[in-house]
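# Coordinate inspection notes
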Amino acid sequence: MMEERLDTSRRSVFMAGVHDGVPIALGYFVVAFTLGILAKTAGLTPWQGFVTSAVNIASAGEYAGFTVIAAQAPYLEIAVLTLVANARYFLMAAALTQRFAPETSLLHRLAVSFGVTDEIFGITVARGGAVSPYYNYGAMAISVPAWAAGTSAGILAGGILPSAVVSALSVALYGMFVWVVLPAAKRSRPIGGMVLASCVLSLAATYAPVTSELSGGTRTILLTLLIAGVGAALFPVHEEEEAEHE
C-alpha cells in the first residue's frame, strides 16, 4: 500500500513537471530552430543536430560549438569553448544539490544535473521546498525532445529555404542573445560595463597583431575568462543582493 501511494505521488510530481515544462518546450523549439540554421552552415546533418542538442542542452554552448565547428577548429578548442560557455550550470547544479532530500541517491542527482538549464532551474527553484527529481524528469521529458527536434527542423529548413531567408533567420539567434543580455545590463551597471568591454575587446583582439593570429574560438575563451574573472573580482555578488533580485 505504501509503495502504491509512493508511485502515485511520483507520477503526480512527474506530471506537474510536464505541465510546467510545456511553455519551456515551446520556447525551446523556436530558439533551437534558429540554432539549427547555424548548425546547417557548420555542415551538421539533422540527425547530428538532434543528438548534439539532446546531450548538450544549452543555446550559448551550442552556438559557440557550432561556430567553431564551422571554422574547422580542433576538437580541444571546441571542448574548452563549450565548457567555458556552459560553466554557469556547475553553479546551478550545486545550488540544486543543497535542496535535495538527504536520502536522494547519487544517480538521481546526476540525472537531474544533466537537465539543468536556465529555465528548468528557474521553475524548480520557484516550486519551493525540497527538490524532487521526478519533477525535473517531467520537465526534461517534454523540453529536451523539443529542443533537439527544433535543431533538426532548423537544419532541414536550412537545406530547403532560399539562402536569403536562411540568412534572415540566422539573425534571430543574435536577437535572442541581445534579449538575454539587455535586461541584466540595464539592471546592473557592472554587467553593462562588462558587456561593453567584451564588445570593445573582442573587436580589438580581432585586429591586434598577436591575438589576430589566434582562432576565433581561442580568442573567445581567453576574453571570457579574462572579463568574467575581472568582473567577479571587482564586483562580487553578495547573497543579500542576489536574494533581492529573486
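What you see is a predicted model; the values in this text were computed from it and never measured.

This part is about the overall build of the protein chain. Within the protein chain one finds 12 helices and 0 strands. Along the chain direction, N to C, the helices and strands of the protein chain fall in the order α-α-α-α-α-α-α-α-α-α-α-α. Buried residues in the protein chain amount to 33% of all 246 residues. Excluding contacts between residues fewer than 6 apart, the proportion of contacts in the protein chain whose partners are at least 24 apart in sequence is 77%.

L44, F66, V116 and W147 are the most contacted members of the largest nonpolar core, which totals 26 residues. Those elements that provide at least two residues to this core are α1 (2-41), α5 (88-97) and α8 (133-160). Discounting chain neighbours no more than four positions away, the residues touching V116 are Y89, M92, A93, L96 and F121. Counting residues in each nonpolar core, the second largest holds 7 residues, with A64, I78, V84 and I221 among its members.

Right, let's get into the confidence of the model for the protein chain. Residues shown with low pLDDT carry predicted positions that ought not to be read at fine detail. For the protein chain, per-residue confidence averages 80 on the pLDDT scale, and 82% of positions sit at 70 or higher. Confidence, read as mean pLDDT per element, is least for helix α12 (residues 239-245) in the protein chain (49) and greatest for helix α2 (residues 46-55) (93).

As a further point, take the side chain of N56. Mapped onto the secondary structure, N56 falls in the loop between α2 and α3 (59-70). There is a polar contact of 3.1 Å between the side chain of N56 and the side chain of N86. If we ignore the near neighbours within four places in the chain, the residues touching N56 are G61, E62, T82, N86 and W147.

A grouping of W47, F50, V51, V55 and F114 is seen on the molecular surface, where their side chains present a nonpolar patch of about 500 Å² in accessible area. With 4 residues, the single largest contributor to the nonpolar patch is α2. Taking the relative accessible area as the measure of exposure, W47 reaches 60% and is therefore exposed.

Moving on to the packing of α3 against helix α4 (residues 75-85). Close contact between α3 and α4 brings their axes to 8 Å; oriented N to C, the two are set at 160°. Compared by their axis directions, α3 and α4 come out roughly antiparallel. Pair α3 / α4 crosses with right-handed handedness. Contacts from A60, G61, A64, G65, V68 and I69 of α3 reach α4 at E77, I78, L81, T82 and A85.

Our focus in this paragraph is the environment of A185. In this fold, A185 is placed in helix α9 (residues 163-187). Expressed as a C-alpha distance, the spacing of A185 and L196, which sit 11 residues apart in the sequence, is 9.4 Å. When residues no more than four places from it in sequence are discounted, the contact partners of A185 are I191 and G192.

Here the focus is the packing of aromatic side chains. Two numbers describe a pair of aromatic rings. These are the distance of the centres and the angle of the planes. Across all of its chains, the model carries 3 aromatic pairs by this definition. Judged by centre distance (5.4 Å) and plane angle (70°), the ring pair of Y28 and W147 falls under edge-to-face. Here Y28 is found in helix α1, whereas its partner W147 is found in helix α8, with 119 residues between them in sequence. Exposure class is identical for Y28 and W147. Each is buried.

A few words on unusual backbone geometry. A positive phi angle is found at Q72, which is not glycine, with a value near 60°. Along the chain, Q72 turns up in the loop between α3 and α4.

Among all positions of α5, only Y89, M92, A93 and L96 are buried. Buried residues of α5 fall within an arc of 95° about the axis and therefore sit on the same side. Opposite the packed face of α5, turned more than 90 degrees from it, sit the exposed residues F90 and L91. On the buried face of α5, the contacting elements are α6 (106-114), α7 (118-127) and α8.

Another aspect to go through is the UniProt feature "transmembrane region" (unreviewed entry) in the protein chain. Using the residue numbers shown here, the UniProt feature "transmembrane region" (unreviewed entry) corresponds to residues 21-43, 63-85, 134-157, 164-185, 191-208 and 220-238. Between the end C-alpha atoms of residues 63-85 the distance is 9 Å, and the span holds 83% helix and 0% strand. For residues 191-208, the end-to-end C-alpha separation is 25 Å, with 94% helix and 0% strand making up the annotated structure.

The rules behind the values
- Residues numbered from 1 in each chain as written.
- Predicted model: local features only at pLDDT ≥ 70, side-chain atom pairs only at ≥ 80, totals over all residues.
- Heavy atoms only, no water.
- Helix = DSSP H or I, 4+ residues; strand = E, 2+ residues; numbered from the N terminus.
- Buried < 20%, exposed > 50% of the residue type's maximum accessible area, 1.4 Å probe, protein only.
- Contact = heavy atoms within 4.5 Å.
- Core = buried A, V, L, I, M, F, W, Y, C linked by side-chain atoms within 4.5 Å.
- pLDDT = per-residue confidence, 0-100.
- Polar contact = N/O pair within 3.5 Å; in protein donor to acceptor, adjacent residues only side chain to side chain.
- Patch = residues over 30% accessible without salt bridge, like charges linked within 9 Å, V, L, I, M, F, W, Y side chains within 5 Å.
- Areas by Shrake-Rupley, 256 points an atom, 1.4 Å probe, with all protein chains shown as cover.
- Salt bridge = Lys/Arg side-chain N within 4 Å of Asp/Glu carboxyl O.
- Axes fitted to C-alpha atoms, helices over the stretch in contact; angles between N-to-C directions.
- Parallel < 35°, antiparallel > 145°, perpendicular 65-115°, else oblique.
- Left-handed = near helix turned anticlockwise from the far one by under 90°.
- Phe/Tyr/Trp six-rings, centres within 6.5 Å; stacked < 30°, edge-to-face > 60°.
- Arc of directions from axis to C-beta.
- UniProt positions renumbered as here; feature names shortened; annotations may be inferred.

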